[in-house]
Amino acid sequence: MTYQALHGYYLEDLSVGMSETYTKTVSEADIVAFADLSGDTNPVHLNEEFAAATPFKGRIAHGMLGAALLSTVFGTKLPGPGCIYISQDLRFKAPVRIGDTVVAKVTITEIVPEKRRVKFACECRVGDMVVIEGEAALMVSRRPK
């Protein structure tokens, strides 16, 4: 397939207020795989006995595992294939646990055409609870002539 056939939205296709979501239920296997991939083997994620003695009273998912779901939205839906992450600011508000269904949502808040930058509000929710919130900036291609 060609670049244009695979590419997501172009800068000219975007408008403030557009949003997209991605939903995933976090599993034991996800946490183990993320620990293996990232090297973050903090026992609060992997060892129930250790995690039970923490303020969380049990195992929690890596914060960045939840944040990676925002990257999924960016890379696959909005703006989609071809976009490039520039920056991300995150605030972790509550833990995500095995079995939680996380809804990652991004919403365009600003478009800076001269720099090909798009700014987004980001959040991840488990039910009605915001577990991660923040802002991101991405570089988005102009439509080829």
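For the structure, check the block above.
Residues numbered from 1 in each chain as written. Predicted model: local features only at pLDDT ≥ 70, side-chain atom pairs only at ≥ 80, totals over all residues. Heavy atoms only, no water.

Draft legend 1. Molecular detail of the sheet that holds strand 4 (residues 117-126). Taken in spatial order, the five strands line up as 1-3-4-5-2 in an open sheet, and their pairing is antiparallel. The open sheet has two edge strands, strand 1 (19-25) and strand 2 (84-92), and neither has a second partner. On average, adjacent strands in this sheet sit at an angle of 20 degrees to one another, irrespective of strand direction. Examined bridge by bridge, strand 1 and strand 3 (residues 101-112) share seven bridges and lie antiparallel to one another. Bridge assignment links Lys24 to a residue of strand 3, and that residue is Val102. The strands touched by helix 5 (residues 63-76) are strand 1, strand 2, strand 3, strand 4 and strand 5 (129-139); relative to strand 2, the strand with the most contacts, the crossing angle is about 140 degrees. (Pairing = 2+ DSSP bridges. Helix = DSSP H or I, 4+ residues; strand = E, 2+ residues; numbered from the N terminus. Axes fitted to C-alpha atoms, helices over the stretch in contact; angles between N-to-C directions. Contact = heavy atoms within 4.5 Å.)

Draft legend 2. Spatial organisation of the packing of aromatic side chains. Counted according to the given criterion, the structure contains two aromatic pairs. Ring centres of Phe74 and Tyr85 lie 5.4 Å apart, and the angle between their planes is 80 degrees; on these two criteria the pair is classed as edge-to-face. Here Tyr85 lies in strand 2 and Phe74 lies in helix 5, a separation of 11 residues in the sequence. Judged by its relative accessible area of 35%, Tyr85 is partly exposed. Ring plane angle 65 degrees and centroid distance 4.8 Å describe the contact between Phe74 and Phe120, whose orientation is recorded as edge-to-face. Of this pair, Phe74 sits in helix 5 while Phe120 sits in strand 4, and the two are 46 residues apart along the sequence. (Phe/Tyr/Trp six-rings, centres within 6.5 Å; stacked < 30°, edge-to-face > 60°. Buried < 20%, exposed > 50% of the residue type's maximum accessible area, 1.4 Å probe, protein only.)

Draft legend 3. Inspection of the pattern of salt bridges at higher detail. Applying the stated criterion to the full structure yields nine salt bridges. Its salt-bridge partner being Asp13, residue Arg143 comes within 2.3 Å of it at the nearest N-O pair. With a gap of 130 residues between them, Arg143 in the segment after strand 5 and Asp13 in the loop between helix 1 (3-6) and strand 1 connect regions that are remote in the sequence. The exposure class assigned to Arg143 is partly exposed, which follows from its relative accessible area of 40%. (Salt bridge = Lys/Arg side-chain N within 4 Å of Asp/Glu carboxyl O.)

Draft legend 4. Highlighting the side chain of Asp30. If you trace the backbone, Asp30 turns up in helix 2 (residues 28-38). Among the polar contacts made by the side chain of Asp30, one reaches the side chain of Lys24 at a distance of 3.1 Å. If near-sequence neighbours (up to four positions away) are discounted, Asp30 is found in contact with Lys24, Thr25 and Leu65. (Polar contact = N/O pair within 3.5 Å; in protein donor to acceptor, adjacent residues only side chain to side chain.)

Draft legend 5. Main features of the side chain of His45. Tracing the sequence through the fold places His45 in helix 3 (residues 43-46). Within the structure, the side chain of His45 is placed 3.5 Å from the backbone nitrogen of His62, a separation counted as a polar contact. Aside from chain neighbours lying at most four places away, what touches His45 is Ile31, Asp40, Arg59, Ile60, Ala61 and His62.

Draft legend 6. Spotlight on helix 2. Where helix 2 is concerned, the buried positions are Asp30, Ile31, Phe34 and Ala35. Buried residues of helix 2 fall within an arc of 130 degrees about the axis and therefore sit on the same side. Exposed side chains of helix 2 directed beyond 90 degrees from the buried face belong to Ala29, Asp36 and Leu37. Those residues of helix 2 hidden inside the fold are in contact with strand 1, helix 3 and helix 5. Phi for Gly39, located one or two positions after helix 2, is positive at around 85 degrees. (Arc of directions from axis to C-beta.)

Draft legend 7. Examining helix 5 more closely. Here helix 5 contains 14 residues, and its C-alpha end-to-end distance of 21 Å stays within 8% of the 20 Å for a straight helix at 1.5 Å per residue. Those residues of helix 5 not exposed but buried are Leu65, Gly66, Ala67, Leu69, Leu70, Val73 and Phe74. On its buried face, helix 5 sits against strand 1, helix 2, strand 2, strand 3, strand 4 and strand 5. (Expected span 1.5 Å × (residues − 1).)

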